[in-house]
Amino acid sequence: MTFQNTREFAQQLDAQDQMRKYRDEFIFPKVNDKQVIYFVGNSLGLQPKRTQSYVDEVMNDWANLAVEGHFYAEKPWWDYHERFANPLSKIVGAKPSEITVMNTLTVNLHLMMVSFYRPTAKRYKILCEAKAFPSDQYMIQSQVNFHGLNPKDAIVEIERREGEHNIRLEDVLAKIEEIGDELALVLIGGVNYYTGQVFDMKTITAAGHKVGAYVGWDLAHAAGNIKLELHDWDVDFAAWCSYKYMNSGPGNASGTFVHEKHHTNKDLPRFAGWWGHNKERRFKMEPTFDPVEGANGWQISNLPILTLAPYLASVEMFAEVGMDALIAKRDKITSYLEFILNEISKEVKGTFEIITPTNPIERASQLSVFLHGEGRSLFDYLMKNGVITDWREPNVIRLAPVPMYCSFEDMYEFGQVLKKGIVG
Ligand SMILES: Cc1ncc(COP(=O)(O)O)c(C=O)c1O
């Protein structure tokens with residue numbers, strides 16, 4: 001499709017957008033009395049209007065039923081988390097039994113490492129990406145320390161080549177081969193938080209397994225953003241937060257995937273709690289842990305229902321829309337944003353560079369833009385003029401034209417504000 005950098009053209013694209021009614025389902029903050037252009041759904045998604053009623057339902061059940069709400073609430077609390085299994089399994093390409101919702105992302109990755117990082121004298125190395133999200137770096141280092149190993153020796157990072165912004169698949173595969181039978185675990189962010197690069201999870205998972213390692217994925221920037229086939233790719237485990245693309249609200253619960261091939265493996269250690277115990281006998285208060293068969297067997301505590309309610313609202317919205325429609329719009333709006341950036345770049349003499357891969361299969365909703373010669377003042381200008389983006393050192397703004405609620409006209413309008421911010 002040939003794009004045009006005009007408001008009329010952008011409005012035409014909006015008129016053709018099958019998902020456009022969903023934009024009205026979200027609450028947009030305002031700057032200067034105008035609805036903002038929101039590019040940070042990769043950090044914290046907007047609040048869906050329907051969320052309030054899900055929270056109110058729990059508040060009312062609590063007021064009217066108190067403890068009886070565990071069993072007699074509109075959506076009983078004792079197994080509230082099980083409502084996520086069906087819709088989430090479709091979003092991440094899993095079987096319902098492979099999905100659970102609990103805790104928060106870093107906590108769940110720690111819990112997964114308890115089960116899937118079991119270093120031996122020979123096989124003890126972890127492969128991750130250089131400049132992974134800091135929480136992942138701290139988590140992996142602390143797990144290695146916990147096992148009495150030296151992070152400098154046990155953690156292997158895949159580097160970008162000199163002068164390149166993204167990691168090459170061939171370099172990941174070569175590193176896996178090189179570490180070979182010393183490799184215990186591959187643990188990478190499925191979509192890099194800084195560049196928006198999407199990794200070939202199927203190929204990397206197969207390569208990790210070929211040398212005998214477990215393979216897990218941090219899907220913080222992938223869940224609700226890209227097509228995932230976790231079961232078919234044979235991924236061992238994965239976890240994601242729900243407050244980015246999935247619009248569940250600040251700091252909300254994490255989804256976790258454990259492949260069904262591990263569900264009955266009694267040799268896998270895990271940290272246990274009563275919510276992971278046999279569902280039928282949970283309240284018999286038995287002394288010995290008997291895990292639920294499935295990802296729910298990794299649950300520990302009874303769940304914070306008030307935080308799960310907004311996540312359920314959001315998951316049900318994703319189920320309505322479906323990942324295929326979401327991805328079709330995602331690709332179109334991301335390409336349109338790329339086009340707008342390139343057009344404006346010509347007009348302002350190339351002061352910025354998109355560092356996200358140009359190949360559509362290696363990117364999703366995010367374009368990261370390196371601002372050559374422009375400083376934080378440009379970012380501040382955008383924010384003051386109603387374009388909400390985020391700033392990452394040394395000089396990068398990240399733009400996520402989230403398909404659920406961003407419009408094509410937003411992209412056009414953003415280009416105009418950006419140009420004004422650069423040329424004055
Ligand atoms: C890639 C990645 N991993 C981990 C985290 C940490 O998430 P949490 O604070 O929910 O543990 C984030 C948060 O933004 C992230 O982007």
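We now turn to the structure provided with this report. (Residues numbered from 1 in each chain as written. Predicted model: local features only at pLDDT ≥ 70, side-chain atom pairs only at ≥ 80, totals over all residues. Heavy atoms only, no water.)

**A short note on the overall build of the protein chain**
Filter applied, for reference: To qualify as a helix, a DSSP run of H or I must reach at least 4 residues; to qualify as a strand, a run of E must reach at least 2; elements of each kind are numbered from the N terminus. For the exposure calls, accessible area comes from a 1.4 Å probe over protein chains only, and a residue counts as buried if that area is under 20% of its type's maximum, exposed if over 50%, partly exposed in between. Residues count as neighbours in contact if any of their non-hydrogen atoms are within 4.5 Å of one another.
For the protein chain, the helix and strand inventory stands at 13 helices and 17 strands. The principal-axis extent of the C-alpha atoms belonging to the protein chain is close to 70 × 60 × 35 Å. By the burial criterion, 57% of the 424 residues in the protein chain qualify as buried. Partitioning the intrachain contacts of the protein chain with sequence separation of at least 6 by distance along the chain shows that 70% fall at a separation of at least 24.

**Brief notes about the packing of helix H8 (residues 169-179) against helix H9 (residues 201-210)**
Formally: To obtain an axis, a line is fitted to C-alpha atoms, over the contacting stretch when the element is a helix, and the angle between two such axes runs from 0 to 180 degrees between their N-to-C directions. What sets the label is the angle itself: under 35 degrees gives roughly parallel, over 145 gives roughly antiparallel, 65 to 115 gives roughly perpendicular, and the rest give oblique. Each residue is assigned to one of three groups, with Ala, Val, Leu, Ile, Met, Phe, Trp, Tyr, Cys and Pro labelled nonpolar, Asp, Glu, Lys and Arg labelled charged, and all others, Gly among them, labelled polar.
Where H8 contacts H9, the two axes come as close as 9 Å, and the packing angle between them is 10°. Viewed along their axes, H8 and H9 adopt a mutual orientation that is roughly parallel. Facing H8, whose interface residues are Leu-169, Val-172, Leu-173, Ile-176 and Glu-177, H9 presents Thr-203, Ile-204, Ala-207, Gly-208 and Lys-210. Looking at the contact of H8 with H9 residue by residue, the classes come out as 6 nonpolar, 2 polar and 2 charged.

**Overview of the pairing of strand E12 (residues 254-258)**
Looking along a regular strand, one sees side chains alternate from face to face of the sheet. Spelled out, the test is: DSSP calls a pair of strands paired once it identifies at least 2 bridges connecting them.
Burial of E12 is extensive: 5 of the 5 residues sit out of reach of the surface. Neither face of E12 is left uncovered, since the one carrying Ser-254, Thr-256 and Val-258 and the one carrying Gly-255 and Phe-257 both have all their residues buried. Bridging between strand E11 (residues 237-241) and E12 involves 5 bridges; their strand directions are antiparallel. Bridging across to E12, Cys-241 finds its partner in Ser-254.

**Here we look at the packing of aromatic side chains**
This is how it is decided: Between the rings of Phe, Tyr and Trp (Trp by its six-membered ring), a pair exists once the centres lie within 6.5 Å; its type follows the angle of the planes, with under 30 degrees stacked, over 60 edge-to-face, and the other angles tilted.
Applying the stated criterion across every chain yields a total of 22 aromatic pairs. On the basis of an interplanar angle of 75° and a centroid distance of 5.0 Å, the ring pair of Phe-39 and Phe-414 is categorised as edge-to-face. One end of the pair, Phe-39, is in the loop between strand E4 (37-38) and strand E5 (47-48); the other, Phe-414, is in helix H13 (residues 408-423), and 375 residues separate them in sequence. By the burial criterion, Phe-39 is buried, and Phe-414 matches it. Summarising the aromatic geometry, the rings of Trp-275 and Phe-283 are spaced 6.0 Å apart at their centres and angled 80° between planes, so their arrangement reads as edge-to-face.

**Points about the pattern of salt bridges**
Note the following rule: Definition used for salt bridges: Asp or Glu carboxyl oxygen within 4 Å of a side-chain nitrogen of Lys or Arg.
For the structure shown, the criterion picks out 28 salt bridges. Of the charged contacts, one joins Arg-7 and Glu-409 as a salt bridge, the two residues approaching to 2.8 Å between their closest N and O atoms. Here the residue Arg-7 occupies a position in helix H1 (residues 7-16), and Glu-409 occupies one in helix H13, the gap between them amounting to 402 residues. By relative accessible area, Arg-7 is classed as partly exposed at 28%. When its relative accessible area of 22% is taken as the criterion, Glu-409 is described as partly exposed. Within the structure, one salt-bridge network assembled from shared partners comprises Arg-161, Glu-164, Arg-168, Glu-170 and Asp-171.

**What to know about the nonpolar core**
Spelled out, the test is: The set of buried Ala, Val, Leu, Ile, Met, Phe, Trp, Tyr and Cys residues whose side-chain atoms join them within 4.5 Å is what this entry labels a nonpolar core.
Core analysis: the largest hydrophobic core is formed by 136 residues, its most contacted members being Leu-88, Trp-217, Leu-230, Trp-240, Tyr-336, Met-404 and Phe-414. In this structure, Tyr-193, Tyr-194, Ile-355 and Phe-370 belong to the second largest nonpolar core, which totals 5 residues.

**Some words on the packing of helix H12 (residues 376-384) against H13**
Our working rule: We call a crossing left-handed when the near helix sits turned anticlockwise from the far one by less than a right angle, and right-handed when that turn is clockwise.
Where H12 meets H13, the closest approach of the two axes is 10 Å, and the angle between their N-to-C directions is 135°. With respect to their mutual orientation, H12 and H13 come out oblique. For the pair H12 and H13, the sense of crossing is right-handed. Mapping the contact onto sequence places Leu-378, Tyr-381 and Leu-382 in H12 and Phe-414, Val-417, Leu-418, Lys-420, Gly-421 and Ile-422 in H13. Tallied by class, the residues present in the contact of H12 with H13 amount to 7 nonpolar, 1 polar and 1 charged.

**Some points on unusual backbone geometry**
With an omega of 5°, the peptide bond running from Glu-393 to Pro-394 counts as cis. Not every positive phi belongs to a glycine, and Asp-234 is a case in point at roughly 70°. For Asp-234, the location among the structural elements is in the loop between strand E10 (214-218) and E11. The residue Asn-247 is not glycine, and still its phi comes out positive at about 55°. Position of Asn-247 relative to the elements: it lies in the loop between E11 and E12.

**Points about the sheet that holds strand E6 (residues 99-102)**
Taken together, the 7 strands give an open sheet; going across it, the order is E6-E12-E11-E10-E9-E7-E8, and neighbouring strands pair in mixed fashion. For this open sheet the edge positions go to E6 and strand E8 (155-158), each flanked by a neighbour on one side alone. Here the average twist between neighbouring strands, direction ignored, is 20°. Across the sheet, helix H4 (residues 85-92) is in contact with E6 and E11; its angle to E6 comes to roughly 110°. Of the strands in this sheet, strand E9 (183-189) and E10 are in contact with H9, which crosses E10 at around 150°.

**Description of the environment of Tyr-194**
How we decide: Polar contact criterion, stated in full: a pair of N or O atoms within 3.5 Å, where within protein one must be able to donate a hydrogen and the other to accept it, and residues adjacent in sequence count only if both atoms are side-chain atoms.
Tracing the chain through its elements places Tyr-194 in the loop between E9 and H9. With 27 residues separating them in the primary sequence, Tyr-194 and His-221 have C-alpha atoms 10.0 Å apart. With near-sequence residues (within four places) excluded, Tyr-194 lies in contact with Ile-355, Gln-366, Ser-368, Arg-392, Glu-393, Pro-394, Val-396 and Arg-398. Of the polar contacts made by the side chain of Tyr-194, one reaches the backbone oxygen of Glu-393; its length is 2.9 Å.

**Structural notes on the site of the ligand**
Note the threshold: Distances are taken per atom, and a residue is near a molecule or strand as soon as one of its heavy atoms is within 4 Å of it. Accessible surface area values rest on a Shrake-Rupley calculation with a 1.4 Å probe, where residue burial reflects the displayed protein chains alone.
As a matter of local geometry, the ligand sits amid Leu-105, Thr-106, Phe-133, Asp-136, Asp-218, Ala-220, His-221, Tyr-243 and Lys-244. For the ligand, whose unbound accessible area comes to 400 Å², protein coverage reaches 82%. Of the residues belonging to the shell around the ligand, the class tally is 4 nonpolar, 2 polar and 3 charged.

Purely geometric numbers; function is a separate question.
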